[in-house]
Amino acid sequence: MIEEVGVVVELKGKNTVLVMCTKSSLCENCASNGNCTLGEDDRTRLIEVGNPLGAVVGDRVRISTSTQSFLTSSFLLYIVPLIALVIGAIAGKLVGENLPTGLDPNVLSAIFGVFFMIGSFVILRVGSRALNNEDYRPKIMEILRED
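Residues numbered from 1 in each chain as written. Predicted model: local features only at pLDDT ≥ 70, side-chain atom pairs only at ≥ 80, totals over all residues. Heavy atoms only, no water.

Time to look at the packing of aromatic side chains. For any pair of aromatic rings, the description rests on two quantities: the centre-to-centre distance and the angle between the ring planes. Counted under the stated rule, the structure contains one aromatic pair. When the centroid spacing of 6.4 Å and the interplanar angle of 20° are considered together, the rings of phenylalanine 112 and phenylalanine 116 count as stacked. Placement of both phenylalanine 112 and phenylalanine 116 in helix 3 (residues 105-128) is noted, with a separation of four residues, approximately one turn of the helix. When its relative accessible area of 35% is taken as the criterion, phenylalanine 116 is described as partly exposed. (Phe/Tyr/Trp six-rings, centres within 6.5 Å; stacked < 30°, edge-to-face > 60°. Helix = DSSP H or I, 4+ residues; strand = E, 2+ residues; numbered from the N terminus. Buried < 20%, exposed > 50% of the residue type's maximum accessible area, 1.4 Å probe, protein only.)

Within this structure, the stated rule accounts for four salt bridges. Measuring nitrogen to oxygen at the nearest pair gives 3.1 Å for the salt bridge that ties glutamate 4 to arginine 45. Linking glutamate 4 in strand 1 (residues 2-11) with arginine 45 in strand 4 (residues 44-50), this pair joins segments that are 41 residues apart in sequence. Arginine 45 matches glutamate 4 in its accessibility class, with the two residues each being buried. Taking the shortest distance from any N to any O, the salt bridge between glutamate 48 and lysine 12 comes out at 3.5 Å. On the criterion of sequence distance, the pair formed by glutamate 48 in strand 4 and lysine 12 in the loop between strand 1 and strand 2 (16-22) is long-range, its members being 36 residues apart. Of the residues examined, lysine 12 reaches a relative accessible area of 37% and is grouped as partly exposed. (Salt bridge = Lys/Arg side-chain N within 4 Å of Asp/Glu carboxyl O.)

Right, let's talk about the side chain of threonine 16 for a bit. Mapped onto the fold, threonine 16 is located in strand 2. Setting aside anything within four residues of it in sequence, one finds threonine 16 in contact with Leu11, Glu48, Val49, Asn51 and Arg137. (Contact = heavy atoms within 4.5 Å.)

All right, on to the side chain of serine 109 then. Inspection of the secondary structure puts serine 109 in helix 3. If sequence neighbours within four positions are ignored, serine 109 has contacts with Gly88, Ala89, Gly92 and Lys93.

Listed in full, the ten residues of the largest apolar core are Val8, Val17, Val19, Cys21, Ile47, Val49, Ala55, Val61, Ile63 and Ile140. The set of elements that each furnish at least two residues to this core consists of strand 2, strand 4 and strand 5 (60-65). Sequence-distant contacts of isoleucine 140, that is, excluding residues within four places in its chain, are made with Val8, Val17, Val49, Gly50, Asn51, Pro52, Leu53, Ala55, Val61, Arg62 and Ile63. (Core = buried A, V, L, I, M, F, W, Y, C linked by side-chain atoms within 4.5 Å.)

What follows deals with helix 2 (residues 67-98). Working note: α-helix, 3.6 residues per turn, so residues spaced by three or four point in the same direction. With 32 residues, helix 2 ought to run about 46 Å at 1.5 Å a step, and its terminal C-alpha atoms sit 45 Å apart, in line with that. At phenylalanine 75, helix 2 is bent by approximately 35°, the largest bend along its length. Every buried residue of helix 2 is accounted for by Ser69, Pro81, Ala84, Gly88, Gly92 and Gly96. In the core, the buried residues of helix 2 are packed alongside strand 5 and helix 3. (Expected span 1.5 Å × (residues − 1). Bend = angle between axes of the 7 residues up to and from the residue.)

Note that valine 80 resides in helix 2. Sequence separation between valine 80 and serine 120 is 40 residues; the distance between their C-alpha atoms is 7.2 Å. Valine 80 has contacts with Phe75 and Leu124, leaving out every residue within four places of it along the chain.

In C-alpha cells:
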C-alpha cells in the first residue's frame, strides 16, 4: 500500500474529495513529479480521492492506493505508449524498405513511431472512460484525530 496523510480541502460530489498532501521524499524520485497538481507553495499537491468514510473539509485523513493499481496505472501510462512507439518504428521501417514511397525508411520509421505513440495515448484516454475509476483512485482509509 502507498499511503499519504493530508487535509481535505474541497468536496467534489458525494463520494469524492480533494486532499492536500505535503510532498514527501518519494516525490523526488517519481517519474510524474512535474505532473502532479501542485498547491500554491510548490510543497503541497492536490489529490482527488474517494471518500467512503464521509470526511468533510478540514479533516486530517490517511489516504492510500494499492501497489497493484499503482503499478497497473504506471504500466498503462508509460510502457504501453513505449511499446506502441517501437511497433510503429518497426512498421515504418518495413513500409519504407518494402514499398516504393520515395521516403527514407528512417524518416518513415520516426513518423510511424510518433503516430503509433500518439494513437496509444488516444486509445488509453478513450478506453480509460470504460474502466471503473474507483479501482484506480486512492481512497480515504482513516480520518485522523487531532491530538
